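Breakdown of the fold
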Amino acid sequence: MRMKKKAGAFFLAALLMMASVLAVFADAVPVSAEEPLTLKLHYHREDGNYDGWDVWLWEIGGEGGGFPFAEEDGEMVATKVITPGVTSVGFIVRTEDWTKDFDGDQFIDISEMISGTVHVYVESGVEGFDKEYGDDAVIGTRLKTAVYNNDGTLTVTMTGEIESDPGSAFSVMGKEGEIGITGVTAGSDYTYTVTLDALLDAFQKYTIIYDGSEYAVKIPSVYSTPEFEAEFTYTGDDLGAVWSKESTSFRVWAPTAESVSVKLYESGNSAGRDVIDEIEMKPDVNGTWTVKKEGDLNGVYYTYCVVLDGAKSEVCDPYARTTGLGGTRAMVIDLDGTDPEGWDSDVNPHAGESINDAVIYELHVRDLSAGKDSGIVNAGKFLGLTETGTKTPGGVSTGLDHMKELGVTHLHLLPIYDFGSVEETLTVGNPFNWGYDPVNYNVPEGSYSTDPYHGEARVKELKQTVKVLHDNGISVVMDVVYNHVQDSSSFCFNKLVPGYFSRIDDEGIYSNGSGCGNDTASERAMVKKYIVDSVCYWADEYHIDGFRFDLVGLLDTETVNEIIEQVHKDHPDVIFYGEGWTMSTSMTKEGYTMATQQNAKETPGFAYFNDTIRDGLKGSVFDDTDPGYASGKTGMEEIIARCFLGADTWCPAPSQTVNYASCHDNLTLYDHLQTARPEAGQEELVKMNKLAAAVYMTAQGVPFMQAGEEMLRTKVNEDGSFNSNSYNATDEVNSLKWTDLENEVYADVYAYYQGLIAFRKAHGALRLGTAGEVASAVSRVEGLDANVLAFDIQGGMDGETADEIFIVFNANVAETTVALPEGSWNVYVNGERAGVTVLDTVTDGSVTVSPVSAMVLVRESAQASVSATAVSGEESSNTGLVIGIAAAAVLIAGIGCFAALHGKKNKKA
């Protein structure tokens, strides 16, 4: 290890506390053992159907994996050879899409096993299991953990009492040979203190031998200590490769490395043997390493070679701006040279607006264009989002034109950074994935580029895409996943500074609130800096207008607030929202709170998905048969009313609630309605869908919709079942079915969504920003029929031209009559149509609302009446085109034939 001459006392102490890769994490893991230990898990299902089922097994402190069942003596058995020294194994019987047989983790204690076979018997749907030893099982005392105490002693925990003399039971080995033991003292709970005759060197591996088996010694991490962070927190803005035409400077943070070099390559293909040079880097401030290379390196690829405990590994730069094929080699890039024409003058088309003014449309890049009916040339690519004039065979607008005509303000793109689950050279028709498996956070995904081999192509094409969307009035939201990585062991940050990026407790167990095997340690200074730098980079370099944070409840509020503060310095209109679910995670520091719904007051600039209104409208996402308010569940009035007011129990302001009925997760809205109400016909289901949309589109807060919801999107598997987790399903399942819009039923639903969006945009009273504004302007109407809700909204605020708005929701199968405040009321939304055109006028003091429908009425000011008349012609023209083409398609093909072309169980026409 090369140390700075000015390193303080803590620096030396820290090195003594971090062994090798800062510990072999988990129960003591032997280097060798004489006999294997085998676990056989027997699984029984009463129905005898084992298709698609396996068991996810993980050794405590280690990574998990799926183990298939195979028939043995008439039983279905999964077999795993256990790493010697492991004393507990977790298991989940599940399907590939993570449908669980029993909803919970279960653990098998094998601490008494030395070798042989242990049988575990699991009955489907039943908690617990039976455990039996095989004939070859050997039971006895084993070494469980060996932890260095940083003072010349080890604490050794056994699975039972040592029957022989403890003083001669252990040997400790290092690189130079055996370490002397001066004494062994027995403690409680089968623990023993082993006193060594020398301090251990932090950058050597040590093992302890007991009863012929050799186990790694664990040394606790000091990453989260104040002393480590004071010494090794780098605050500069030049991490990565900083290019100029004259030279490129490289800086990487690797405080535990013995040496670091930068390796230059001609190509970005890791299979190519095309090394140009390898340059040694010099240690610099706060654990960073630097080197400057003269000359123009634009287009040159590079990696870092880091030596830790004598072992050399090659790593991609965590701050890589772009990469070659597969994301293994970073590339030096002239970013200005990738800017499209007019980039300097490019702006957020919704600058100056608040998050409450947004209407967010969630889309996967491939879903827009993968269908053969999309008419889009660059199928599955960034550039597919830029094509205009695309149409179905019947002449209905698709792609960008469709989104623009729909009227959404923000396009939320599922992950567009470099993720690991899709081979970048493959395109539409090949393996698909949502992309929630990050590899390189600051690099666009190569499979969405027309040329994944050359790093500049993906950068240019994504910028071009953002520019075109902006030019068409659509802001861009990026889905970011900083809460976990695809693989913690291979993630570049963790290869440079082993284990630093992830939450790992003192027992070596990775925190797994994400369900992906690792949670990000956002509370550590350099992890927080990395996340903040990353978000700022996307906002600065790519003009991203918003960020949706996946599982943000695993990040701390301090980090989230700093992200918002730093981004808003230069981009005050960028919006932030995410999944604020409360999840279990093991923080590496005390005194932090997590960015959850319940802590929303601590992140006032951040909005959270409202699962209450989601499940309230359509039914629980955890029960596909559960109906919601829109599909007939009774007693939901209080829940829906609370959410409509932007005042759910956790929500301090309407600007912090994202209201929705569906997103990429779980069943689509229309599919859930079908599974919850299987007896309902299409006409009834469409009414439910429209009612759900009307509620969240007029509610206080931020409306959000899954792409295709406006045309009754469905995801149907080959067997006719609905797909509730299509993260890796085919393009055929996931792609938008554009020709559906040639059918009058779907065109009508599209026009309804289009009208709701237009109406929301026209009325500032639906977009209030604070709880105080809502309290003073919106009141709930009492004394109505069961399952009926009504709200009276006063005008008079900025952005509202009407004197008063009256909204009614009727979830009953019978019509209802509601009294109106005095005056003349124009109807803009009913069960059939929605928009900014007057549909009817009511003057008799009450209104009758049709079954399973919404009604929105406006008491106009004089100016508003004139404005409504002026815009009605344009709206009628846009809507009429879609419906007119659809009607023609129906006449030509017939509704019955159209139905035959769509999935067996699908109730679409």
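The preceding data block contains the structure.
First, a word on what this report is: a plain description of the structure on this page. Please read all numbers here as calculations on a predicted model, not as lab measurements. (Residues numbered from 1 in each chain as written. Predicted model: local features only at pLDDT ≥ 70, side-chain atom pairs only at ≥ 80, totals over all residues. Heavy atoms only, no water.)

1. Re the overall build of the chain
We apply this condition: What counts as a helix is a DSSP run of H or I of at least four residues, what counts as a strand is a run of E of at least two, and both are numbered from the N terminus. When we talk radius of gyration, it's over C-alpha atoms, and the globule rule is simply 2.2 Å times the number of residues to the 0.38. Whether two residues are in contact is decided by their heavy atoms, any of which lying within 4.5 Å being enough. Values of accessible area rely on a 1.4 Å probe in the Shrake-Rupley scheme; residue burial ignores everything except the protein chains shown. Positive charges come from Lys and Arg alone, negative charges from Asp and Glu alone, with His and the N- and C-terminal ends not counted. By convention, the charge on Lys lies at NZ, on Arg at CZ, on Asp at CG and on Glu at CD.
Looking only at helices and strands, the chain features 17 helices and 46 strands. Taking 2.2 N^0.38 as the reference for a compact globule, 909 residues should give roughly 29 Å; the C-alpha atoms of the chain span a radius of gyration of 31 Å, in line with that estimate. Counting only C-alpha atoms, the chain reaches 100 × 70 × 55 Å along its principal axes. A sequence separation of at least 24 residues applies to 71% of the contacts in the chain between residues at least 6 apart. When the accessible surface of the chain is summed, it comes to about 34200 Å², and 49% of that surface belongs to carbon and sulfur atoms. With 63 positive and 138 negative side-chain charges, the chain shows a spacing of 5 Å between the two charge centroids.

2. Brief notes about the state of the cysteines
What counts, and what does not: Note on disulfides: each one is a pair of cysteine sulfur atoms within 2.5 Å. Under the scheme applied here, a residue whose accessible area is under 20% of the maximum for its type counts as buried, over 50% as exposed, and between as partly exposed, the area being computed with a 1.4 Å probe on protein chains only.
In the structure shown here, the tally under the stated rule is zero disulfides. Considering cysteine sulfurs only, C663 is the nearest to C516, which forms no disulfide, with 15 Å between them. No disulfide involves C536; its nearest neighbouring cysteine sulfur is the one of C492, lying 19 Å away. When its relative accessible area of 14% is taken as the criterion, C536 is described as buried.

3. Re the packing of aromatic side chains
Selection criterion: By convention, a stacked pair of Phe, Tyr or Trp rings (six-membered ring in the case of Trp) has centres within 6.5 Å and planes under 30 degrees apart, an edge-to-face pair has planes over 60 apart, and any other such pair is tilted.
Applying the stated criterion to the full structure yields 51 aromatic pairs. A centroid spacing of 5.5 Å and a plane angle of 85° characterise the contact between F493 and Y530, whose relative ring orientation is edge-to-face. One end of the pair, F493, is in helix α6 (residues 492–496); the other, Y530, is in helix α7 (residues 525–542), and 37 residues separate them in sequence. The exposure class assigned to F493 is buried, which follows from its relative accessible area of 5%. Each ring, one from Y660 and one from F704, has its centre 5.8 Å from the other, and the planes form 80°; the classification is edge-to-face.

4. Describing the nonpolar core
Our working rule: Residues belong to one nonpolar core when they are buried, are Ala, Val, Leu, Ile, Met, Phe, Trp, Tyr or Cys, and are joined through side-chain atoms within 4.5 Å.
F250, W253, F547, F549, F576 and F809 are the most contacted members of the largest nonpolar core, which has 171 residues in total. If you tally residues by element for this core, the top one is α7, at 11 residues. Apart from the residues within four sequence positions on either side, F809 is in contact with Y629, F644, L691, A694, V695, T698, N787, V788, L789, F791, S853 and A854.

These figures come from the coordinates and say nothing about function on their own.
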